[in-house]
Amino acid sequence: MYHSYIWDFDGTLFDSYPIMLEAFLKTLKEAGFDPDPKEIYRILKASSSKQVAEKYQLDFIDFSARFKAYEAMDERLPISFPGTKEALQALVDNGGKNYILTHRDVVSTKELLMREDLAHLVIEIVGPENNFPRKPDPTSLNYLVDKYQLNKAQTVMIGDRAMDVLAGKGAGVQTIFYDIEGLLTDLEADHVVHSMKEIKHIIES
């Protein structure tokens, strides 16, 4: 059905939210707040970390630096969701291409992929170093479409947050919403899946 897959990383390919959420909570508590973990998690899924900073009237650049510092101090490392390698490999075996579009820096993204022998399955990682506007702005997706001359009808953006679906729609590509918890029910994605197994099924259909 599709030939080019543009993947979000955190929360889609790798289960990094437990570490990220803890870093967010520590940062907010350090700033004198008593955040509700469920509320913060929902904001992250429905919007972005920038929305969290705005909710508490914090400077986003400073807020980002502080929570990333806490995240870096955490000795745990995110691991991929079950079936991730099989899904990426199935796409390559079918003649497709994988790309990653993330708000995580490219270096750490590549390191995590290499730890699980996944880096060779990805053509390019687009991260903050590229200096594109953050999702849901579609500029970063348009960059990949233009650079690799991707057929938009055969290109799909896959992510676990509203911003991923909105970015995909803005770029005119297809969308897959990776809905693990059922938190968001009003997103108009082309496909809604609940596991890597379902994504692999779309790849192979």
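Residues numbered from 1 in each chain as written. Predicted model: local features only at pLDDT ≥ 70, side-chain atom pairs only at ≥ 80, totals over all residues. Heavy atoms only, no water.

1. Let's talk about helix α6 (residues 106–115)
Every α-helical turn comprises 3.6 residues, leaving residues that sit three or four positions apart pointing alike.
Okay, so step 1: Listed as buried for α6 are Val106, Ser108, Thr109, Leu112 and Leu113.
Okay, so step 2: Elements that come into contact with the buried residues of α6 comprise β2 (14–15), β4 (97–101) and β5 (124–126).
Okay, so step 3: A side-chain oxygen of the first residue of α6 lies 3.3 Å from the backbone nitrogen of valine 107; this N-cap is aspartate 105.
Okay, so step 4: The positive-phi residue at the C-terminal boundary of α6 is aspartate 117, with phi of around 55°. (Buried < 20%, exposed > 50% of the residue type's maximum accessible area, 1.4 Å probe, protein only. Helix = DSSP H or I, 4+ residues; strand = E, 2+ residues; numbered from the N terminus. Contact = heavy atoms within 4.5 Å. Polar contact = N/O pair within 3.5 Å; in protein donor to acceptor, adjacent residues only side chain to side chain.)

2. Here we look at the layout of surface pockets
Okay, so step 1: The computed volume of the largest pocket comes to approximately 550 Å³.
Okay, so step 2: Together, 29 residues line the largest pocket, and Asp10, Glu71, Arg104, Asp105 and Ser108 are the ones closest to its centre.
Okay, so step 3: Of all the elements in the fold, those that place two or more residues in the lining of the largest pocket are α1 (17–30), α4 (60–73) and α6.
Okay, so step 4: If you tally residues by element for the lining of the largest pocket, the top one is α4, at six residues.
Okay, so step 5: In terms of residue class, the lining of the largest pocket is built from eleven nonpolar, five polar and 13 charged.
Okay, so step 6: Considering only enclosed or pocket space, the second largest pocket measures out at about 250 Å³ in volume.
Okay, so step 7: Lining the second largest pocket are 16 residues, and of these His103, Gly127, Pro128, Phe132 and Arg134 sit closest to its centre.
Okay, so step 8: Among the elements that make up the lining of the second largest pocket, the one with the highest residue count is α4 (five residues).
Okay, so step 9: When its residues are assigned to classes, the lining of the second largest pocket shows eight nonpolar, five polar and three charged. (1 Å grid on protein atoms, 1.4 Å probe; cavity = no way out; pocket = protein on both sides within 12 Å on 5 of 7 lines; lining within 4 Å. Points joined across faces, edges and corners; volume = space filled by probe spheres on them. Nonpolar A, V, L, I, M, F, W, Y, C, P; charged D, E, K, R; others polar.)

3. What about the packing of aromatic side chains?
Okay, so step 1: Evaluation of the coordinates by the stated rule reveals eleven aromatic pairs.
Okay, so step 2: Their ring planes at 85° and their centres at 5.6 Å tell us that tyrosine 17 and tyrosine 41 sit as a pair that is edge-to-face. Placement of tyrosine 17 in helix α1 and of tyrosine 41 in helix α2 (residues 37–46) is noted, with a sequence separation of 24 residues between them. Side by side, tyrosine 17 and tyrosine 41 carry an identical accessibility label, which is buried.
Okay, so step 3: Note on phenylalanine 24 and phenylalanine 67: the rings are 4.2 Å apart at their centroids and 25° apart in plane angle, and the pair reads as stacked. Taken together, the positions of phenylalanine 24 in helix α1 and phenylalanine 67 in helix α4 put the pair 43 residues apart, joining distant regions of the chain.
Okay, so step 4: The exposure class assigned to phenylalanine 67 is buried, which follows from its relative accessible area of 6%.
Okay, so step 5: Taken together through their ring pairs, the aromatic side chains of Tyr2, Tyr5 and Trp7 make up a single cluster.
Okay, so step 6: Lysine 45 extends its terminal NZ or CZ atom over the ring of tyrosine 17, reaching a point 4.7 Å from the ring centre. (Phe/Tyr/Trp six-rings, centres within 6.5 Å; stacked < 30°, edge-to-face > 60°. Lys NZ or Arg CZ within 6 Å of the ring centre and 35° of its normal.)

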